[in-house]
Amino acid sequence: SQQGEEDPQALSIQEGENATMNCSYKTSINNLQWYRQNSGRGLVHLILIRSNEREKHSGRLRVTLDTSKKSSSLLITASRAADTASYFCATARGGADGLTFGKGTHLIIQP
Amino acid sequence: GAGVSQTPSNKVTEKGKYVELRCDPISGHTALYWYRQSLGQGPEFLIYFQGTGAADDSGLPNDRFFAVRPEGSVSTLKIQRTERGDSAVYLCASSLGPGLAGYTGELFFGEGSRLTVL
């Protein structure tokens, strides 16, 4: 089963605009992570936000976490064509290690 | 090696055949994971190793699937009597084990092995 669910499923914007993706999850978490996957490639870790954090920045990325609503958002500012990829949120698998991923948001940046 | 290495990158086989997929994790990573990803979906957990033992194999879909990690490094995912529904990209990831210095929970993924069952 998939713990996180991203929306929208697909997003197409113009280069230079900001892109926002949302993730909702079901159970309590210790942290939430965002990963990126280019077509035909493996996943690459972007950012991790702990349950006691509300916002975190890394370069052009901004992640927020609202544990009361069980939701997170990923904002990519000043988007570039190279940001075209699928983005997944992931949460820890309960008592076991490893992560459970959502279905992802497919982001297309139009040049 | 510098990253997680998976071989083969592509495998085409016929229904009913046996397949082995190999994963070479990042040196020093004690935790190793196998995921399966179908087109348009997120990675689906299969099995997790901590060292040599399978700490959690609850994601394996049935007894045709088996994975080993005999020396706590390289792992092999084995699929018997393949079916067309097994077609997917099989992803391997590794991480530092929980409790070890530097552990963050971040997974490092390989490029995947794309399996096509005809």
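Here goes a summary of the coordinates provided. (Residues numbered from 1 in each chain as written. Chains lettered and ligands numbered in written order. Predicted model: local features only at pLDDT ≥ 70, side-chain atom pairs only at ≥ 80, totals over all residues. Heavy atoms only, no water.)

All names here are of chain A. With antiparallel pairing, the 5 strands of this open sheet are ordered in space as β1-β3-β8-β7-β6. The sheet is open, and its two borders are formed by β1 (5-7) and β6 (55-58), each paired with just one other strand. Strand-to-strand, the axes of this sheet are offset by a mean angle of 20°, without reference to chain direction. Bridge analysis of strand β7 (residues 61-66) against strand β8 (residues 71-76) gives 6 bridges, and the strand direction is antiparallel. (Pairing = 2+ DSSP bridges. Helix = DSSP H or I, 4+ residues; strand = E, 2+ residues; numbered from the N terminus. Axes fitted to C-alpha atoms, helices over the stretch in contact; angles between N-to-C directions.)

Moving on to the layout of surface pockets. Each pocket or cavity is described by its volume, and for the largest pocket that value is around 660 Å³. In terms of lining residues, the largest pocket is bounded by 28 residues, among which Gln-37 and Gly-40 of chain A together with Gln-37, Leu-39 and Gly-40 of chain B are the most central. Looking at the lining of the largest pocket, the elements that each hand over two or more residues are β9 (85-92) and β11 (105-110) of chain A together with β9 (88-95) and β11 (113-117) of chain B. With 3 residues, β9 of chain A is the largest single contributor of residues to the lining of the largest pocket. Looking at the lining of the largest pocket residue by residue, the classes come out as 6 nonpolar, 18 polar and 4 charged. (1 Å grid on protein atoms, 1.4 Å probe; cavity = no way out; pocket = protein on both sides within 12 Å on 5 of 7 lines; lining within 4 Å. Points joined across faces, edges and corners; volume = space filled by probe spheres on them. Nonpolar A, V, L, I, M, F, W, Y, C, P; charged D, E, K, R; others polar.)

Right, let's talk about the state of the cysteines for a bit. Linking two cysteines covalently through their sulfur atoms gives a disulfide. Here the structure, examined in full by the defined rule, presents 2 disulfides over all chains. Note that Cys-23 of chain A is cross-linked by a disulfide to Cys-89 of chain A, the S-S spacing being 2.0 Å. One quick way to see it: the torsion about the S-S bond of Cys-23 of chain A and Cys-89 of chain A is about 70°, and its sign makes the bridge right-handed. A residue pair is termed long-range when its members are at least 10 positions apart, and Cys-23 of chain A in strand β3 (residues 19-24) and Cys-89 of chain A in strand β9 qualify at 66 residues. A sulfur-sulfur separation of 1.9 Å characterises the disulfide bridge that pairs Cys-23 of chain B with Cys-92 of chain B. Linking Cys-23 of chain B and Cys-92 of chain B, the disulfide has an S-S dihedral of approximately -70° and is accordingly described as left-handed. Taken as a pair, Cys-23 of chain B in strand β3 (residues 19-24) and Cys-92 of chain B in strand β9 lie far apart in primary sequence, 69 residues in all. (Disulfide = S-S within 2.5 Å.)

What follows deals with the nonpolar core. Met-21, Leu-32, Trp-34, Leu-74, Ile-76, Tyr-87 and Leu-107 of chain A are the most contacted members of the largest nonpolar core, which totals 21 residues. Listing elements by their share of this core, those giving two or more residues are β2 (10-14), β3, β4 (31-37), β5 (43-50), β7, β8, β9 and β11 of chain A. Those residues in contact with Leu-107 of chain A, other than ones at most four positions away along the chain, are Leu-11, Ile-13, Ala-19, Met-21, Ile-76, Asp-83, Thr-84, Ala-85 and Tyr-87 of chain A. With 20 residues, the next largest nonpolar core counts Val-4, Leu-60, Ala-67 and Leu-115 of chain B among its residues. (Core = buried A, V, L, I, M, F, W, Y, C linked by side-chain atoms within 4.5 Å. Buried < 20%, exposed > 50% of the residue type's maximum accessible area, 1.4 Å probe, protein only. Contact = heavy atoms within 4.5 Å.)

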